[in-house]
Amino acid sequence: MNPGKARKPSRLTEKPRKVPSKGRPRLAVKKPGAATAARYHHGDLHSALLGAAERVLERDGVQGLTLRAAAREAGVSHAAPTHHFGDLTGLLSELAAVGFRKFNDAISSARAADPLPQAAFDSTGEAYVRFALAHPGLFQLMFRGERLDMQRPALQEALIASFRNFAGAVGAMRHESVNTTALSLPQAADMVRAWSMVHGFALLAQHGRLNPILGRLPPGTDVIALLRAVLVSKTPF
């Protein structure tokens, strides 16, 4: 080796560094939707989109729920909801099915909590109203037939399960079994009477139309206390 000669850099140990001529180095940027969607399995993304859609619904109402809004809330690509639900009607119908399943679970829990038929029936009515007040957007969507595909399998299944559960509560109160495919007129009358009462009460409570009455009641009387009084009272007609 010649000590007076400059040592050349080894190719193995001293590879020259490339320096960008202008500005900072460019970094690869992934699209947010694609990066987020990669975290989900197929079924998980379906559920995540429904959860996101429910949040948008409760926050912005049905008029604010679009496919793009659901995708944005879930943090996925705008094409994801179309892939899973087809169109907005499909998304709304699947979301209504989620609502009916939650509703059915609430009714089932209420019925199971009271062994006596009349008490169980009153608890069913209370659970109905509590659900409506806890999930106002979802509750209203569930009964917006013009926005839903009533033949969608998930929605059909959830509707049938809820109807059977409610019919079972009526049958228990009447001390008889109810054939949900062939109702007697008295059975149907009891079902419609009870449904009209709790559904109407729920809508009045949702829109604040009961507040003038509540304001005239003793302090501490809330909407559920009023409902309980309605359920045990005799109708004037």
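Residues numbered from 1 in each chain as written. Predicted model: local features only at pLDDT ≥ 70, side-chain atom pairs only at ≥ 80, totals over all residues. Heavy atoms only, no water.

Asker: Even after reading the chapter, I still don't get the overall build of the chain, so can you show me in this structure?
Answerer: Within the chain one finds 11 helices and 0 strands. Counting helices and strands in the order they occur from the N terminus, the chain gives α-α-α-α-α-α-α-α-α-α-α. A total of 237 residues make up the chain; the buried ones form 35% of that total. Accessible surface, the chain: about 15300 Å² in total, of which carbon and sulfur atoms supply 57%. (Helix = DSSP H or I, 4+ residues; strand = E, 2+ residues; numbered from the N terminus. Buried < 20%, exposed > 50% of the residue type's maximum accessible area, 1.4 Å probe, protein only. Areas by Shrake-Rupley, 256 points an atom, 1.4 Å probe, with all protein chains shown as cover.)

Asker: Would you take a moment to explain the packing of helix 6 (residues 117–134) against helix 11 (residues 223–232) for this structure?
Answerer: How two helices sit against one another is set out by the angle between their axes and by the gap between those axes. Running from N to C, helix 6 and helix 11 cross one another at 145 degrees; their axes reach a closest spacing of 10 Å. Judged by the sense of rotation from one axis to the other, the crossing of helix 6 with helix 11 is right-handed. In this structure, helix 6 contributes D122, G125, E126, V129, R130 and L133 to the contact, and helix 11 contributes V223, I224, L227, R228, L231 and V232. Looking at the contact of helix 6 with helix 11 residue by residue, the class counts come to 7 nonpolar, 1 polar and 4 charged. (Axes fitted to C-alpha atoms, helices over the stretch in contact; angles between N-to-C directions. Left-handed = near helix turned anticlockwise from the far one by under 90°. Contact = heavy atoms within 4.5 Å. Nonpolar A, V, L, I, M, F, W, Y, C, P; charged D, E, K, R; others polar.)

Asker: Before we go on, may I ask you to explain the pattern of salt bridges in this structure?
Answerer: Think of it this way: side chains of opposite charge can pair up when their charged atoms draw near. Counted by the stated rule, this structure contains 11 salt bridges. For R59, the salt bridge is made with E73, and the minimal N-O distance between the two is 3.1 Å. Of this pair, R59 sits in helix 2 (residues 42–60) while E73 sits in helix 3 (residues 67–74), and the two are 14 residues apart along the sequence. Judged by its relative accessible area of 27%, E73 falls in the partly exposed class. (Salt bridge = Lys/Arg side-chain N within 4 Å of Asp/Glu carboxyl O.)

Asker: Any chance you could explain the packing of aromatic side chains here in plain terms?
Answerer: Within a pair of aromatic rings, the relevant descriptors are the distance that separates the centres and the angle that separates the planes. Within this structure, the stated rule accounts for 8 aromatic pairs. Here F103 and Y128 contribute two aromatic rings whose centre-to-centre distance is 5.0 Å and whose plane-to-plane angle is 85 degrees, an arrangement assigned as edge-to-face. Pair noted here: F103 is in helix 5 (residues 88–113) and Y128 is in helix 6, with a separation of 25 residues, a long-range link. Accessibility assignment for this pair places F103 and Y128 in one class, buried. Following the ring pairs from residue to residue traces out a cluster consisting of F100, F103, Y128, F131, F139, F143 and W195. (Phe/Tyr/Trp six-rings, centres within 6.5 Å; stacked < 30°, edge-to-face > 60°.)

Asker: How should the side chain of Q187 be read in this particular structure?
Answerer: Relative to the helices and strands, Q187 resides in helix 9 (residues 185–206). What makes Q187 buried here is its relative accessible area of 7%. Those residues in contact with Q187 that sit more than four places away from it in its chain are V170, R174, E176, S177 and V178.

Asker: How should I be thinking about the nonpolar core in this particular structure?
Answerer: Nonpolar side chains in soluble globular proteins tend to end up buried together. L65, L91, L95 and L141 are the most contacted members of the largest nonpolar core, which has 50 residues in total. Core analysis: the next-biggest nonpolar cluster, separate from the first, contains 7 residues, F166, A167, V170 and A194 among them. (Core = buried A, V, L, I, M, F, W, Y, C linked by side-chain atoms within 4.5 Å.)

Asker: So what exactly am I meant to see when it comes to the side chain of E54 here?
Answerer: Along the chain, E54 falls in helix 2. Not counting chain neighbours up to four residues away, the residues in contact with E54 comprise L95, V98, K102, H135 and L138.

Asker: Looking at this structure, I do not really get the environment of V178. What am I missing?
Answerer: Here V178 is to be found in the loop between helix 8 (153–174) and helix 9. A C-alpha to C-alpha distance of 6.5 Å links V178 and G168, two positions 10 residues apart in sequence. Leave out the neighbours within four places in its chain, and V178 touches A167, G171, L183 and Q187.

Asker: Help me understand helix 11, please; the structure alone is not making it clear to me.
Answerer: Structurally, the α-helix is built with 3.6 residues per turn, so residues lying three or four positions apart point the same way. Taken as a whole, helix 11 has its buried residues at V223, I224, L226, L227 and L231. All buried residues of helix 11 lie within an arc of 155 degrees about the axis, which places them on one face of the element. Buried residues along helix 11 sit in contact with helix 6, helix 9 and helix 10 (211–214). Where helix 11 begins, the capping side chain belongs to D222, and its oxygen is found 3.3 Å from the backbone nitrogen of I224. (Arc of directions from axis to C-beta. Polar contact = N/O pair within 3.5 Å; in protein donor to acceptor, adjacent residues only side chain to side chain.)

Asker: Help me understand the confidence of the model for the chain in this model?
Answerer: Do not read the predicted coordinates in detail wherever pLDDT is low. Per-residue confidence for the chain gives a mean pLDDT of 86; residues scoring 70 or more make up 80%. Ranking the elements of the chain by mean pLDDT puts helix 1 (residues 32–37) last with 45 and helix 10 first with 97. Long-range and interchain partners of residues 9–13, a stretch whose pLDDT sits below 50, account for 2 contacts in this model, where long-range means more than four residues apart. Contacts for the low-pLDDT stretch residues 24–38, under 50 throughout, to residues beyond four places or in other chains number 9 contacts. (pLDDT = per-residue confidence, 0-100.)

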